[in-house]
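Observations on the three-dimensional arrangement
This is what each chain is made of:
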Amino acid sequence: MFSLQQSVNQQVVFPSSDIELYIKREDKLHDYVSGNKYRKLKYNIEAAERSGLRTLLSFGGAYSNHISALASAGQILGLKTIGVIRGEELHAQIDGNPTLQFAKQCGMQFKFVSRSQYRLKTSASFLNDLKEEFGAFYLIPEGGTNALAVKGCEEILSEQDSHFDYICVSVGTGGTIAGIINCSKPGQQVLGFPALKGSFLHKDISKFVTKSNWKLVNDYHFGGYAKINASLVAFINRFKREYGIPLDPIYTGKMLFGVMDLINKGFFPKGSKILTIHTGGLQGIPGMNDRLVKKNLPKIII
Ligand SMILES: *Cc1c(COP(=O)(O)O)cnc(C)c1O
């Protein structure tokens, strides 16, 4: 799609453990279209261009990594982007919201809708209204997950990753883990760490995969999507200090908190080789810090 930096496997070394832990730095793929959002957009944008559509429309919340990545990709490729954003009140708060401000600078056009309207976003009548307002567009679902997104995520693992016993990844809508499951090797176990509460994920993922070498670890969502507490912030800051690797608080921070906790509890057999996927999301940290300050919680060190 456009030029990328390399995503390398970085080892995290801790003393007195015979577990090998690596982090695949997908966050490094691109400065603004980072991590799994690049993977998920790649074949969708190709499909849009093939069908002659030069406008991409998608949905997201106020701090969405997907919206941010879509806006940037559109700017780089000269495609028009429209973001349907959850929350009418945000209209007046663009300048105080780092994600929306960035997307606006990339040229994204916004449509702010109420939470009840947002829930109807995939209905035919809502989509027709959008077509009347904006003209023809290529529709990318919320969070970017569809079959083409899963296909893009099948490129996250490479042949060099075949020797890992476990692949651990954060789960939002499940598109990323589906791609990873599809390209995992026999004998590899894929563990997903949902960033939100809910029992629908297993079914959503199953739609895109045929293998059964995976499971979801539901103990590390910290109360739900975008919910965080002081202990998660402390973990993320300690991780940055000790290993020099920044983690986002919504996805990768929770997943690695979970992996480290499972290591400490002896979940992984001795000698296990674990590959965790850093799916990006660092653009969301400033917006999260604004909210942490309001709650009198410590900030994430950038
Ligand atoms: C969107 C996102 C996820 C979740 O990906 P899904 O494909 O929706 O499961 C994980 N990590 C980061 C950083 C994300 O931005």
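In this report, we go over the structure that sits alongside the text. (Residues numbered from 1 in each chain as written. Predicted model: local features only at pLDDT ≥ 70, side-chain atom pairs only at ≥ 80, totals over all residues. Heavy atoms only, no water.)

Examining the site of the ligand
Taken together, 15 residues lie around the ligand, and Lys 37, Lys 40, Thr 173, Thr 176 and Thr 279 are the ones closest in. Contacts to the ligand include Lys 37, whose side-chain N or O atom sits 2.7 Å from an oxygen atom. In this structure, an oxygen atom belonging to the ligand sits 2.6 Å away from a side-chain N or O atom of Thr 173. Relative to its unbound accessible surface of 380 Å², the ligand loses 98% to contact with the protein. Elements that contribute at least two residues to the shell around the ligand include exactly helix 1 (36-50) and helix 7 (175-183). Of all the elements, helix 1 adds the most residues to the shell around the ligand, at 3 residues. (Near = heavy atom within 4 Å. Polar contact = N/O pair within 3.5 Å; in protein donor to acceptor, adjacent residues only side chain to side chain. Areas by Shrake-Rupley, 256 points an atom, 1.4 Å probe, with all protein chains shown as cover. Helix = DSSP H or I, 4+ residues; strand = E, 2+ residues; numbered from the N terminus.)

Points about the sheet that holds strand 4 (residues 80-86)
Taken together, the 4 strands give an open sheet; going across it, the order is 5-4-3-6, and neighbouring strands pair in parallel fashion. Among the strands making up the open sheet, the edge pair consists of strand 5 (109-113) and strand 6 (138-139). Here strand 3 (residues 55-60) runs beside strand 6; their pairing, made up of 2 bridges, is parallel. Pairing of Leu 56 across the sheet is with Tyr 138, part of strand 6. (Pairing = 2+ DSSP bridges.)

As for the pattern of salt bridges
Going through the model one piece at a time under the given rule, you end up with 12 salt bridges. Residue Asp 161 is joined to Lys 24 by a salt bridge in which the shortest nitrogen-to-oxygen separation is 2.9 Å. Placement of Asp 161 in the loop between helix 6 (147-153) and strand 7 (166-171) and of Lys 24 in strand 2 (residues 20-25) is noted, with a sequence separation of 137 residues between them. With a relative accessible area of 2%, Asp 161 lands in the buried category. Of the residues examined, Lys 24 reaches a relative accessible area of 4% and is grouped as buried. (Salt bridge = Lys/Arg side-chain N within 4 Å of Asp/Glu carboxyl O. Buried < 20%, exposed > 50% of the residue type's maximum accessible area, 1.4 Å probe, protein only.)

Topic: the packing of helix 1 against helix 2 (residues 65-77)
Where helix 1 contacts helix 2, the two axes come as close as 10 Å, and the packing angle between them is 50°. On the basis of the axis angle, helix 1 is oblique to helix 2. For the crossing formed where helix 1 meets helix 2, the hand is right-handed. Across from Lys 37, Leu 41 and Ile 45 in helix 1, the residues of helix 2 making contact are Asn 65, His 66, Ala 69, Leu 70, Ala 73 and Leu 77. Here the residues of the contact of helix 1 with helix 2 sort into 6 nonpolar, 2 polar and 1 charged. (Axes fitted to C-alpha atoms, helices over the stretch in contact; angles between N-to-C directions. Parallel < 35°, antiparallel > 145°, perpendicular 65-115°, else oblique. Left-handed = near helix turned anticlockwise from the far one by under 90°. Contact = heavy atoms within 4.5 Å. Nonpolar A, V, L, I, M, F, W, Y, C, P; charged D, E, K, R; others polar.)

Description of the pairing of strand 10 (residues 273-278)
As a general feature of sheets, a regular strand has side chains that alternate between the two faces. The element strand 10 is largely enclosed, with a buried count of 5 among its 6 residues. The pairing of strand 7 with strand 10 spans 3 bridges and is classified as parallel. Bridging from a neighbouring strand, Cys 168 pairs with Thr 276 of strand 10.

Observations concerning the nonpolar core
Within the largest apolar cluster, 35 residues are counted, with the highest numbers of intra-cluster contacts made by Phe 193, Phe 239, Ile 263 and Phe 268. Of all elements in the fold, only strand 2, strand 7, strand 8 (189-194), helix 9 (230-243), helix 10 (252-264) and helix 11 (285-294) reach the threshold of two or more residues within this core. Here this core gets 6 residues from one element, more than from any other, and that element is helix 10. Leaving out residues up to four positions away in the same chain, Phe 193 has contacts with Cys 168, Val 169, Ser 170, Val 171, Val 217, Tyr 220, Met 255, Gly 258, Val 259 and Leu 262. (Core = buried A, V, L, I, M, F, W, Y, C linked by side-chain atoms within 4.5 Å.)

Brief notes about unusual backbone geometry
For Phe 222, which is not glycine, the phi torsion reads 60° and is therefore positive. Take Phe 222: it is sitting in the loop between strand 9 (214-216) and helix 9. At Asn 296, a position not held by glycine, the phi torsion is positive, near 60°. Relative to the assigned elements, Asn 296 resides in the segment after helix 11.

Examining the sheet that holds strand 10
Spatially, the 6 strands line up as an open sheet ordered 1-2-10-7-8-9, and their pairing is mixed. Edge positions in the open sheet fall to strand 1 (9-12) and strand 9, since each of these has one partner strand only. Across this sheet, the average inter-strand angle for adjacent strands is 25°, counted without regard to direction. Of the pairings in the sheet, the one linking strand 2 to strand 10 comprises 6 bridges and is parallel in character. In the strand pairing of strand 10, Glu 20 is matched with Lys 273.

Read these as layout, nothing more, since geometry by itself doesn't imply function.
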